[in-house]
Amino acid sequence: MPHIAMSPELAPGTPGLFQYRPETGRPLGELAETLLRSPHSLGRGERELIATYVSVLNHCKFCTSTHSEVSAAQIEGGRSLVDKVIADVDSAPASPKLRALIKIAAATVEGGHAVTAELVEAARQAGATDTEIHDSVLISAAFCMFNRYCDGLAAIVPDDPAAYAGMAQMIINDGYRMCATGH
């Protein structure tokens, strides 16, 4: 049961919260669009995997389920890679750069001061650019907010795993801006 009264016509999870309050939902959707879908040296699937990993650490079922589907559909290695990273990032067959950026994102979940010079240097040694390091921290910080937004208001989330595949396909096709409008 959500903590606030929401129309049943609203989308489940965070998109429904965006729609509930479009004046805040639109800029949040724009932030997600920019971080996860804009042109970037990291692929969409890689950025979605960072968001997924952060959501796992924050125990957010909706964001974990949605973004793991979006990542799996857009990353080389698909569902298998996503599951392996979630299970153990150190042994997953991801690039050393992606593993280093995920570790920076994981540290950000703990708190900003947990992102150490050693983590940043390891990412640089693995080939990460300053923009990739910046955006990994920002994706993590944003998803800490999105995860807490969704769970803190007890948003209604689907129990059926197939629902997340459908939402992922809508995001892949239409982006995050549509989350705030429902279109």
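Everything discussed here concerns the structure shown above.
Computed from a predicted structure; not experimentally measured. (Residues numbered from 1 in each chain as written. Predicted model: local features only at pLDDT ≥ 70, side-chain atom pairs only at ≥ 80, totals over all residues. Heavy atoms only, no water.)

Trainee: I keep staring at the overall build of the protein chain and nothing clicks. Help me out?
Mentor: In terms of helices and strands, the protein chain carries 10 helices and 0 strands. For the protein chain, the sequential pattern of α-helices and β-strands runs α-α-α-α-α-α-α-α-α-α. A compact globule built from 183 residues would reach a C-alpha radius of gyration of about 16 Å, and the protein chain, at 16 Å, matches this within 12%. By its C-alpha atoms, the protein chain is 50 × 30 × 30 Å across when sized along the principal axes. When burial is assessed residue by residue, the protein chain has 47% of its 183 residues classed as buried. Restricting the contact set of the protein chain to residue pairs at least 6 apart, pairs at least 24 apart contribute 68%. Counting every atom, the protein chain has about 8700 Å² of accessible surface; 57% of that belongs to carbon and sulfur. (Helix = DSSP H or I, 4+ residues; strand = E, 2+ residues; numbered from the N terminus. Rg over C-alpha atoms; globule rule 2.2 N^0.38 Å. Buried < 20%, exposed > 50% of the residue type's maximum accessible area, 1.4 Å probe, protein only. Contact = heavy atoms within 4.5 Å. Areas by Shrake-Rupley, 256 points an atom, 1.4 Å probe, with all protein chains shown as cover.)

Trainee: What should I look at first to understand the side chain of E48 in this one?
Mentor: Checked against the element boundaries, E48 lands in helix α3 (residues 44-57). Among buried Asp, Glu, Lys and Arg side chains, E48 stands out as unpaired, with R37 the closest opposite charge at 6.7 Å. Contact partners of E48, with chain neighbours within four places excluded, come to L36, H67, V70, S71, Q74 and Y176. (Lys, Arg positive; Asp, Glu negative; His and termini not counted. Salt bridge = Lys/Arg side-chain N within 4 Å of Asp/Glu carboxyl O.)

Trainee: Looking at this structure, I do not really get the packing of aromatic side chains. What am I missing?
Mentor: How two aromatic rings sit relative to each other is set out by the distance from centre to centre and by the angle between their planes. Under the definition given, this model contains 4 aromatic pairs. Clustering of aromatic rings is evident, with ring pairs tying together F18, F143, F146 and Y149. (Phe/Tyr/Trp six-rings, centres within 6.5 Å; stacked < 30°, edge-to-face > 60°.)

Trainee: Would you explain the packing of α3 against helix α4 (residues 61-74) in this entry?
Mentor: When two helices pack together, you describe them by how their axes are tilted relative to each other and by the distance separating the axes. Direction vectors running N to C along α3 and α4 enclose 155 degrees, while the axes themselves pass 8 Å from each other. The orientation of α3 relative to α4 falls into the category roughly antiparallel. As α3 packs across α4, the resulting crossing turns out to be left-handed. Contacts from R44, G45, E48, L49, T52, S55 and V56 in α3 reach C63, T64, H67, S68, V70, S71 and Q74 in α4. Its residues assigned to classes, the contact of α3 with α4 comprises 4 nonpolar, 8 polar and 2 charged. (Axes fitted to C-alpha atoms, helices over the stretch in contact; angles between N-to-C directions. Parallel < 35°, antiparallel > 145°, perpendicular 65-115°, else oblique. Left-handed = near helix turned anticlockwise from the far one by under 90°. Nonpolar A, V, L, I, M, F, W, Y, C, P; charged D, E, K, R; others polar.)

Trainee: Just checking my understanding: could you explain the nonpolar core for this structure?
Mentor: A general trend in soluble globular proteins is that nonpolar side chains are found buried together. Formed by 52 residues in total, the largest nonpolar core has its most connected members in I50, V85, L101 and I102. When residues no more than four places from it in sequence are discounted, the contact partners of I102 are L49, I50, Y53, V85 and V89. (Core = buried A, V, L, I, M, F, W, Y, C linked by side-chain atoms within 4.5 Å.)

Keep in mind these numbers describe shape, not what the thing actually does.
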